[in-house]
Amino acid sequence: MLDTLGTLERTHTCGGLRESNVGEQVVLMGWVAKKRDFGVFTFIDLRDRDGVTQVVVSEETSPDAHAKAKYLRGEFVIAVKGEVVSRAAGTHNKKLATGDIEIKVSELLILNDAKVPPFQLEVAGSENLADESTRLKYRYLDLRRPQLQHNIRMRAKAVAKIREYFDNRGFIEIETPILLKSTPEGARDFIVPSRIHTGKFFALPQSPQILKQITMISGLDRYYQIARCFRDEDLRADRQPEFTQLDMEMSFVNREQVYREMEGMFNHVLKLIDVDLPTEWPRLTYAEAMRRYGSDKPDLRFGMELIDLSAELKDTDFPPFAETLSKGGEIKAIVVKGKADYSRKQTDELQEYVKRYGAGAMAWIKVGDETTSSLLKVLGEEKITELASTAGAEKGDAVLIVAGRRSVVAAALGALRNEVARRENLIDRSKYECLIVTEFPMFEHDDETDTYVAAHHPFTSPMDEDLEMFKQAIENPADHHLLGQVRAKAYDAVINGYECAGGSIRIHQKEVQALNFKALGMTPETARSRFGFFLDALEYGTPPHGGFAAGIERTCMILVGTENIRDVMAFPKTASAQDLMMDSPGEVDEAQLNELGIKVAGPRE
């Protein structure tokens with residue numbers, strides 16, 4: 001029969017006792033992590049969120065408690081009362097913060113029993129964990145693991161640090177609604193039917209973008225929010241359908257002022273793990289980042305920059321290269337130090353890897369006592385030697401080459417650079433390299449529809465220097481292609497290859513906003529139906545303003561050193577947007593659907 005807690009109160013956590021507590025009478029409560037029976041003595045490792053303490057139950061001094069201890073199994077919930085004593089010489093456990101003491105139990109209560117868990121909670125190394133789907137189904141058990149508890153606590157500390165930073169900087173925390181109007185831009189909205197207004201729908205916010213701009217129009221000047229956001233999009237390891245972001249906005253500012261707030265906030269948060277980032281982060285324009293690293297979020301913890309070989313091959317008659325250059329493409333390479341010993345199997349694997357990013361092939365040069373290359377027969381030894389020299393390759397190095405459209409070369413070599421660094425352990429995990437990427441393109445070309453779409457969001461301001469070109473591209477159909485050259489006052493904060501925050505200076509003049517909607521193919525009627533309330537607000541004295549949003553989960557991934565977003569969320573979804581613990585999404589009653597005026601048509605073809 002189980003015991004009741006009664007008036008017993010916990011005095012300490014299972015991670016808080018030290019030698020200084022020896023002689024004290026204490027009460028601990030928690031879960032049985034391990035039990036070891038030695039006849040007249042039973043040793044129990046008692047666990048709570050703060051740590052583990054060893055408790056000892058003696059048949060001689062506490063026969064009732066000892067009898068109860070015999071029935072304990074892993075994950076039983078118990079309370080113990082007893083005296084803190086020093087461990088005997090030679091039995092100290094240096095792996096535990098409480099390893100110098102133990103509790104000599106006088107009273108033991110069994111508060112609840114437990115089934116045998118479907119997987120082992122105490123394991124050494126992530127490779128020994130149960131499969132993730134099982135752990136997600138029993139998330140409440142998985143969350144008992146010390147590593148996940150550490151991650152969740154670190155997340156709470158990070159959010160507290162963010163609030164501390166912005167409160168001290170004069171920002172006002174403002175909550176914005178969860179039920180909004182659907183304004184389909186970018187990712188798909190999650191929609192919510194209205195019972196009262198049949199046939200009409202709310203949308204869950206992809207971000208509080210328009211509302212935070214309206215707080216600036218309202219004169220609140222400095223806003224921030226820890227905002228819950230929702231996007232119905234395909235998932236990746238660092239994305240979820242619902243997530244949390246820091247959202248901030250400020251009035252009467254230029255880009256540099258926003259950069260300083262991004263730098264200051266991240267510098268403040270990373271002090272949680274004793275990392276000191278520079279007061280002013282390095283800056284790279286988007287064009288330079290793509291040219292040097294093939295990525296707008298380059299990992300600067302290692303080198304291996306992209307080298308342009310196009311000029312050295314401008315006169316080549318090798319058909320794949322000649323055709324690429326004639327169409328305005330490029331030929332670039334990376335140098336992998338010390339890997340001239342790459343096997344055929346390894347180069348084949350890397351070739352298959354770049355094909356995922358649209359590249360047709362990957363050529364290679366290996367610089368050794370004899371320089372060899374997959375291009376030796378078509379380019380000749382002299383040209384191969386010249387290319388290796390231009391790339392800066394030395395004896396023992398490998399040169400990996402990709403040709404194609406600029407976007408394809410950047411994507412393929414940028415990804416290959418990261419993959420090679422990962423495979424060859426070139427990343428110093430103790431380093432934290434940051435930068436701000438600036439001057440993003442304002443528009444991206446959609447090849448399928450031959451239209452331009454917003455690269456950031458439709459409220460991003462063009463660079464002042466590009467404003468006339470922006471107007472020209474919209475007003476003259478023959479110059480529409482110039483939209484691809486317009487730069488935005490948009491920027492990202494990057495740490496260790498992760499885009500941790502992104503933002504922009506916003507459009508604050510209604511004429512420029514109308515031009516931007518027109519550039520995106522919206523008629524005045526469409527723009528008004530989607531954003532009429534915002535267009536109206538712009539007519540009442542909108543100050544220049546800008547801000548950024550920072551992913552809480554991505555920031556915490558950096559803090560705890562994981563590459564999986566689910567490791568820093570208490571109750572995440574799977575890669576297919578399912579909650580295995582709650583078995584959702586699920587069906588709802590026909591009565592509920594009828595009340596909402598909804599009929600399910602059946603599965604999509």
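### Focus on unusual backbone geometry
- The omega angle of the peptide bond from Ser584 to Pro585 is 5°, so this bond is cis rather than trans.
- Its location among the elements puts Pro585 in the loop between helix 16 (552–560) and helix 17 (590–596).
- Of note, the phi angle at Asn496 is positive, near 50°, even though the residue is not glycine.
- Judged by relative accessible area, which is 8%, Asn496 ranks as buried.

### Comments concerning the pattern of salt bridges
- Under the definition given, this model contains 51 salt bridges.
- In this structure, Arg49 and Asp50 form a salt bridge, with 3.9 Å as the shortest nitrogen-oxygen distance.
- Residues Arg163 and Glu173 are paired through a salt bridge, measuring 2.8 Å at the closest nitrogen-oxygen approach. Of the two residues, Arg163 is situated in helix 4 (residues 146–168) and Glu173 in strand 6 (residues 172–173); the sequence distance between them amounts to 10 residues.
- A residue is classified by how much of its surface remains accessible, and Glu173, at 37% relative accessible area, is partly exposed.

### Looking at empty space enclosed by the protein
- Taken as a whole and assessed by the stated rule, the structure comprises 1 cavity of 30 Å³ or more.
- There is about 40 Å³ of room inside the largest cavity.
- Around the largest cavity, the lining residues are Leu136, Arg139, Phe571, Pro572, Asp579, Leu580 and Met581.
- For the lining of the largest cavity, a count of residues per class yields 5 nonpolar, no polar and 2 charged.

### Re the packing of helix 14 (residues 510–519) against helix 15 (residues 524–538)
- Contact geometry of helix 14 with helix 15 gives a least axis separation of 11 Å together with a crossing angle of 165°. On the basis of their axis angle, the class for helix 14 and helix 15 is roughly antiparallel. At the point where helix 14 passes helix 15, the crossing takes the right-handed sense. Contacts between helix 14 and helix 15 pair Lys510, Gln513 and Phe517 from the former with Ala527, Phe531, Phe534, Leu535 and Leu538 from the latter.
- In terms of residue class, the contact of helix 14 with helix 15 is made up of 6 nonpolar, 1 polar and 1 charged.

### Here we look at the nonpolar core
- Counting residues in hydrophobic clusters, the biggest one holds 43 residues, and the most contacted among them are Phe166, Leu246, Met265, Phe266 and Phe548.
- With residues near it in sequence (within four places) discarded, Met265 still touches Ile162, Tyr165, Phe166, Leu246, Phe548 and Ala550.

### Some remarks on the side chain of Thr542
- Mapped onto the elements, Thr542 comes out in the loop between helix 15 and strand 22 (545–551).
- A distance of 3.4 Å separates a polar side-chain atom of Thr542 from the backbone oxygen of Leu538.
- If sequence neighbours within four positions are ignored, Thr542 has contacts with Ile217, His508 and Ala537.

### As for the environment of Gln120
- If you trace the backbone, Gln120 turns up in the loop between strand 5 (101–112) and helix 2 (132–137).
- Gln120 sits in the exposed class, given a relative accessible area of 57%.
- With 242 residues separating them in the primary sequence, Gln120 and Met362 have C-alpha atoms 44 Å apart.
- A distance of 3.0 Å separates a polar atom in the side chain of Gln120 from the backbone oxygen of Glu122.

### Quick word on helix 15
- The end-to-end C-alpha separation of helix 15 is 15 Å, well short of the 21 Å expected for 15 residues at 1.5 Å each.
- Of all the bends in helix 15, the greatest, near 95°, is centred on Phe531.
- For helix 15, the full list of buried residues reads Ala527, Phe531, Gly532, Phe534, Leu535, Ala537 and Leu538.

### Considering the pairing of strand 16 (residues 398–404)
- Where burial is concerned, most of strand 16 is hidden: 7 out of the 7 residues are buried.
- Covered by surrounding structure in strand 16 are Ala398, Leu400, Val402 and Gly404 together with Val399, Ile401 and Ala403, the residues of both alternating faces.
- Note: strand 13 (residues 330–336) against strand 16, 7 bridges, orientation antiparallel. Across the sheet, Lys332 pairs through a bridge with Val402, a residue of strand 16.
- In this structure, strand 14 (residues 363–366) lies alongside strand 16, joined through 4 bridges in antiparallel fashion. Bridge assignment links Trp364 to a residue of strand 16, and that residue is Leu400.

### Quick notes on the sheet that holds strand 9 (residues 222–230)
- Ordered in space as 6-9-10-22-21-20-17-11, the 8 strands form an open sheet in which the pairing is mixed. At either margin of the open sheet sits one strand with a lone partner, and together these are strand 6 and strand 11 (283–285).
- Relative to strand 20 (residues 490–495), strand 17 (residues 434–438) is paired through 5 bridges, and the arrangement is antiparallel. When the sheet's bridge partners are listed, Val437 is paired in strand 20 with Asp492.
- Contacting strand 6, strand 9, strand 10 (242–251) and strand 22, helix 4 crosses the sheet at an angle of about 150° to strand 9.

### Brief notes about the sheet that holds strand 16
- Across the sheet, which stays open at both edges, the 5 strands sit in the order 12-13-16-14-15 with antiparallel pairing between neighbours. Each edge of the sheet is formed by a strand with only one pairing partner; in this case those strands are strand 12 (307–308) and strand 15 (372–373).
- Relative to strand 15, strand 14 runs antiparallel, the two being bridged by 2 bridges. Along strand 15, the bridge assignment pairs Lys366 with Thr372.

### Topic: the packing of helix 4 against helix 6 (residues 255–270)
- At a minimum axis distance of 9 Å, the contact between helix 4 and helix 6 shows a crossing angle of 135°. Considering the angle they form, helix 4 stands oblique to helix 6. Crossing angle aside, the handedness with which helix 4 passes helix 6 is right-handed. Contacts from Ala158, Lys161, Ile162, Glu164, Tyr165 and Phe166 of helix 4 reach helix 6 at Arg260, Glu261, Gly264, Met265, His268 and Val269.

Reading the values: the criteria
- Residues numbered from 1 in each chain as written.
- Predicted model: local features only at pLDDT ≥ 70, side-chain atom pairs only at ≥ 80, totals over all residues.
- Heavy atoms only, no water.
- Helix = DSSP H or I, 4+ residues; strand = E, 2+ residues; numbered from the N terminus.
- Buried < 20%, exposed > 50% of the residue type's maximum accessible area, 1.4 Å probe, protein only.
- Salt bridge = Lys/Arg side-chain N within 4 Å of Asp/Glu carboxyl O.
- 1 Å grid on protein atoms, 1.4 Å probe; cavity = no way out; pocket = protein on both sides within 12 Å on 5 of 7 lines; lining within 4 Å.
- Points joined across faces, edges and corners; volume = space filled by probe spheres on them.
- Nonpolar A, V, L, I, M, F, W, Y, C, P; charged D, E, K, R; others polar.
- Axes fitted to C-alpha atoms, helices over the stretch in contact; angles between N-to-C directions.
- Parallel < 35°, antiparallel > 145°, perpendicular 65-115°, else oblique.
- Left-handed = near helix turned anticlockwise from the far one by under 90°.
- Contact = heavy atoms within 4.5 Å.
- Core = buried A, V, L, I, M, F, W, Y, C linked by side-chain atoms within 4.5 Å.
- Polar contact = N/O pair within 3.5 Å; in protein donor to acceptor, adjacent residues only side chain to side chain.
- Expected span 1.5 Å × (residues − 1).
- Bend = angle between axes of the 7 residues up to and from the residue.
- Pairing = 2+ DSSP bridges.

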